[in-house]
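Here is what each chain is made of, one letter per residue.
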Amino acid sequence: GGVNGKLGDRISTNLGFSASGVDNMPFFVNGQSDSSRFDILYDNTSVFKFFANLEYSFFEKASVHAGATFYGYDTDVLAEAWHKPTFTFELGSKFNVYEKILIAPSFNILSGIEALNLQTGASSTLDPIIQLNLQAKYILSERAGIYVNFNNIIGENYQRYLNYQDFR
């Protein structure tokens, strides 16, 4: 459920909540015999999600948006929702530079990821993932376009999964 609407001509909002039950939801944990590999544990899980988005349009050719999502997990057996985020945030904008060229930079955060190493029995909270991204798109027609994405353009090393450096 949720509420969306416009505040004046330039501001649009979207607030909401969802709750769902997932049977046998997969969770990744570092393996018991080899911590550089993953074991998959399954558990019946209730997932709760709260989200809020706000967009401001400067003109027809430019806008800026921000969105945050909070996740809650209630697992039947597992102590935590291993390797699932509890918070995401995005701040971005879109610019129509010419009639057919769109530029869309964005700043993203993913945090609250708990990890479990079955080999040591230790759990830990991974550092937040912070990325700066850029998308450029050339519009061929109303139905087609060509785009290129540059993700993590600041080149930040991060761990999305315990013991695995990611460079995306």
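Everything that follows concerns the structure shown earlier in this document.
Parameters at a glance
- Residues numbered from 1 in each chain as written.
- Predicted model: local features only at pLDDT ≥ 70, side-chain atom pairs only at ≥ 80, totals over all residues.
- Heavy atoms only, no water.
- Helix = DSSP H or I, 4+ residues; strand = E, 2+ residues; numbered from the N terminus.
- Buried < 20%, exposed > 50% of the residue type's maximum accessible area, 1.4 Å probe, protein only.
- Contact = heavy atoms within 4.5 Å.
- Lys, Arg positive; Asp, Glu negative; His and termini not counted.
- Charge placed at Lys NZ, Arg CZ, Asp CG, Glu CD.
- Core = buried A, V, L, I, M, F, W, Y, C linked by side-chain atoms within 4.5 Å.
- Phe/Tyr/Trp six-rings, centres within 6.5 Å; stacked < 30°, edge-to-face > 60°.
- Lys NZ or Arg CZ within 6 Å of the ring centre and 35° of its normal.
- Salt bridge = Lys/Arg side-chain N within 4 Å of Asp/Glu carboxyl O.

## Quick notes on the overall build of the protein chain
Turning to step 1, where the next piece is worked out: Looking only at helices and strands, one finds zero helices and 12 strands in the protein chain.
Turning to step 2, where the next piece is worked out: Listing every helix and strand of the protein chain by position from the N terminus yields β-β-β-β-β-β-β-β-β-β-β-β.
Turning to step 3, where the next piece is worked out: With the C-alpha coordinates of the protein chain rotated into their principal frame, the extents come out at 55 × 35 × 30 Å.
Turning to step 4, where the next piece is worked out: Scored against the burial criterion, the 168 residues of the protein chain give a buried share of 25%.
Turning to step 5, where the next piece is worked out: Contacts in the protein chain between residues at least 24 apart in sequence constitute 49% of all its contacts with a sequence separation of at least 6.
Turning to step 6, where the next piece is worked out: Within the protein chain, the 17 negative side-chain charges are centred at a point lying 12 Å from the centre of the 12 positive side-chain charges.

## Remarks on the nonpolar core
Turning to step 1, where the next piece is worked out: Formed by Met-25, Phe-27, Val-29, Val-47, Leu-78, Ala-81, Trp-82 and Leu-116, the largest nonpolar core amounts to eight residues.
Turning to step 2, where the next piece is worked out: Looking at this core, the element that brings in the most residues is strand 2 (residues 11–30), giving three residues.
Turning to step 3, where the next piece is worked out: Among residues more than four places away in sequence, those in contact with Ala-81 are Phe-27, Tyr-73, Thr-75 and Glu-114.
Turning to step 4, where the next piece is worked out: With seven residues, the next largest nonpolar core counts Leu-110, Ala-115, Ile-129 and Leu-162 among its residues.

## Some points on the packing of aromatic side chains
Turning to step 1, where the next piece is worked out: What the rule picks out here adds up to seven aromatic pairs.
Turning to step 2, where the next piece is worked out: Members of the aromatic cluster, each reached through a chain of ring pairs, are Phe-28, Phe-38 and Tyr-161.
Turning to step 3, where the next piece is worked out: A cation sits over an aromatic face here: Lys-84 above Phe-27, 5.7 Å from the ring centre.
Turning to step 4, where the next piece is worked out: Cation over ring: Arg-160 sits above Tyr-161, and NZ or CZ is 4.9 Å from the ring centre.

## Some details on the pattern of salt bridges
Turning to step 1, where the next piece is worked out: Considering all chains together, one arrives at two salt bridges under this definition.
Turning to step 2, where the next piece is worked out: Between Arg-37 and Asp-34 there is a salt bridge, with its nearest N and O atoms 3.6 Å apart.
Turning to step 3, where the next piece is worked out: Close ionic contact of Lys-61 with Glu-99 constitutes a salt bridge, the shortest N to O distance being 3.4 Å. In this pair, Lys-61 sits in the loop between strand 3 (38–59) and strand 4 (62–75) while Glu-99 sits in the loop between strand 5 (87–96) and strand 6 (101–111), placing the two residues 38 residues apart along the sequence.

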